[in-house]
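Listed below, chain by chain, are the residues.
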Amino acid sequence: MTSKRALITGITGQDGSYLAEFLLDKGYEVHGIIRRASSFNTGRIDHVYEDPHRRGTPMRLHYGDLCDANCLAKVMRVARPHEVYNLAAQSHVRVSFDMPIYTAETDALGALKLLEAVREYQGEADHPVRYYQASSSEQFGKVVETPQRESTPFYPRSPYAVAKVMAHWATVNYRESYNLFACCGILFNHESPRRGETFVTRKITRAVGRIKLGLQDKVFLGNLDAQRDWGFAGDYVKAMWLMLQRDTPEDYVVATGRTISVRQFAQFAFAHAGLDFDRHAAFDPRYLRPAEVDLLLGDPSKARRDLGWSATTTVEELAGMMVTHDLELARREKTLRDAGHDLPAGAGHDQ
């Protein structure tokens, strides 16, 4: 069993929860940063946190925010991590057009503040610190080549992507300027039953469950022709960890190497529940972005060669996994409604 300590920002999110489980299984002491809120937002990690010794090692949570540099420095000194995974972000692309300044402050400047906290702590620590930055396929935006690989130039098409480009290059700069072991994982779309319900894949599978149980009739979607390279988040967190186990820090595209459209993903999901996509799905222009990204397709050959990593879950399996989960949520919701109970806010949800 290793005695390593890891610090995860965004631990309450989809990726953070899967990464926490993965690291705990490997014997890490896991620390996570969570934002103070008036309501609990730890639903994705409660099953681990409520029994922190279930996996033989503890998990500890610290209040903090990427926008607060003093707090980040304090958490670094308390957690004393060997590995830092920056997964926190305002990660919804469409929302970033409505909240561009907040998105930049969190995703770009927040990453810079965390890098600076790592650099300063590294100077006083008695062990090396390795840093992982969650980069995004959205950085490729209006793609200049297909498939996209580590050498493909960025062409961001949203405030979210612009902020992520800055965080990516800040990480490279700290690696080259301060000899910090820092890696960027350029992750293509990755989903799961823990995906937030405002993201298109989860919006679709939640709707499938509710339509199957008679709780709604239609789902309204934006650009059905947008093509994405979709994988399973539980697979992708392993690639994050593998990057930090190498002798030298490098950046990697993490993807399946296969692309399908939003329409095809929805068709897989509806078919899994025995439903007709054309009957229950409709287009709504309100969900279009001001600047669209039409095609993202990753080339994971470097990750396969250097890390021995490849996606193990197909997009069809992913859609089925999510629909199965959301059918169960819909059944719980229907049971409550049939019993005459109002569904409490957030009940049966993973957010």
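Residues numbered from 1 in each chain as written. Predicted model: local features only at pLDDT ≥ 70, side-chain atom pairs only at ≥ 80, totals over all residues. Heavy atoms only, no water.

(A) Inspection of the nonpolar core at higher detail. Judged by nonpolar contacts, the single largest core of 63 residues is most densely connected at Leu23 and Tyr85. Take this core: its biggest share by element is eight residues, from helix H8 (residues 233-243). Discounting residues that sit within four places of it in the chain, Tyr85 has contacts with Ala6, Leu7, Ile8, Thr9, Leu19, Leu23, Tyr132, Met240, Trp241, Leu244 and Gln245. Core analysis: the second largest hydrophobic core is formed by 22 residues, Ile33, Leu72, Leu115 and Val129 among them. (Core = buried A, V, L, I, M, F, W, Y, C linked by side-chain atoms within 4.5 Å. Buried < 20%, exposed > 50% of the residue type's maximum accessible area, 1.4 Å probe, protein only. Helix = DSSP H or I, 4+ residues; strand = E, 2+ residues; numbered from the N terminus. Contact = heavy atoms within 4.5 Å.)

(B) Expanded view of the packing of aromatic side chains. Going through the model one piece at a time under the given rule, you end up with ten aromatic pairs. Look at Tyr236 and Trp309: their rings are 5.3 Å apart centre to centre, the planes differ by 85°, and that puts the pair in the edge-to-face class. In this pair, Tyr236 is assigned in helix H8 and Trp309 in the loop between helix H11 (301-307) and helix H12 (315-338), connecting sequence segments 73 residues apart. Take Tyr236: its relative accessible area is 1%, and that puts it in the buried class. Residue Trp309 is classed as buried on the basis of its relative accessible area of 3%. (Phe/Tyr/Trp six-rings, centres within 6.5 Å; stacked < 30°, edge-to-face > 60°.)

(C) Spatial organisation of unusual backbone geometry. Pro147 follows Thr146 through a cis peptide bond whose omega is 0°. Of note, the phi angle at Arg80 is positive, near 50°, even though the residue is not glycine. Along the chain, the position of Arg80 falls in the loop between helix H3 (69-79) and strand S4 (83-86). The phi dihedral of Asn179 falls on the positive side, at around 55°, and the residue is not glycine. For Asn179, the position within the fold is in the loop between helix H6 (159-178) and strand S6 (181-187).

(D) Seen up close, the side chain of His82. Within the secondary structure, His82 is located in the loop between H3 and S4. The buried category is assigned to His82, whose relative accessible area is 18%. Setting aside residues no more than four positions away along its own chain, His82 makes contact with Ser3, Lys4, Arg5, His127, Pro128, Val129 and Arg130.

(E) Structural view of the pairing of S6. Of all the seven residues making up S6, seven are buried; the element is thus mostly covered by neighbouring parts of the structure. Across the two faces of S6 the burial is the same, with Phe181, Cys183, Gly185 and Leu187 and Ala182, Cys184 and Ile186 all buried. Pairing of strand S5 (residues 130-136) with S6, which is carried by seven bridges, proceeds in the parallel orientation. What sits directly across from Ser136, in S6, is Leu187. Each parallel crossover has a hand, and the one from S5 via H6 to S6 is right-handed. Pairing between S6 and strand S11 (residues 252-254): three bridges, direction parallel. The partner of Ile186 across the bridge, within S11, is Val253. (Pairing = 2+ DSSP bridges. Right-handed = clockwise from strand over helix to strand, strands pointing away.)

(F) Focus on the pattern of salt bridges. As enumerated under the stated definition, the model contains 26 salt bridges in all. For Arg228, the salt bridge is made with Glu138, and the minimal N-O distance between the two is 3.9 Å. With Arg228 in strand S9 (residues 227-228) and Glu138 in the loop between S5 and H6, this pair connects stretches of sequence that are 90 residues apart. Of the two residues examined, Arg228 and Glu138, each falls in the buried class. The closest approach of N and O atoms between Arg337 and Glu333, which form a salt bridge, is 3.1 Å. Note that Arg337 and Glu333 are positioned in helix H12 at a spacing of four residues, about one turn of the helix. (Salt bridge = Lys/Arg side-chain N within 4 Å of Asp/Glu carboxyl O.)

(G) Region of interest: helix H5 (residues 100-124). Between its first and last C-alpha atoms H5 spans 36 Å; for 25 residues at 1.5 Å apiece the expected length is 36 Å, and the two agree. Leu109 marks where H5 bends most, by close to 35°. Of the surrounding elements, those touching the buried residues of H5 are strand S1 (5-9), H3, S4, helix H4 (93-98), S5 and H6. (Expected span 1.5 Å × (residues − 1). Bend = angle between axes of the 7 residues up to and from the residue.)

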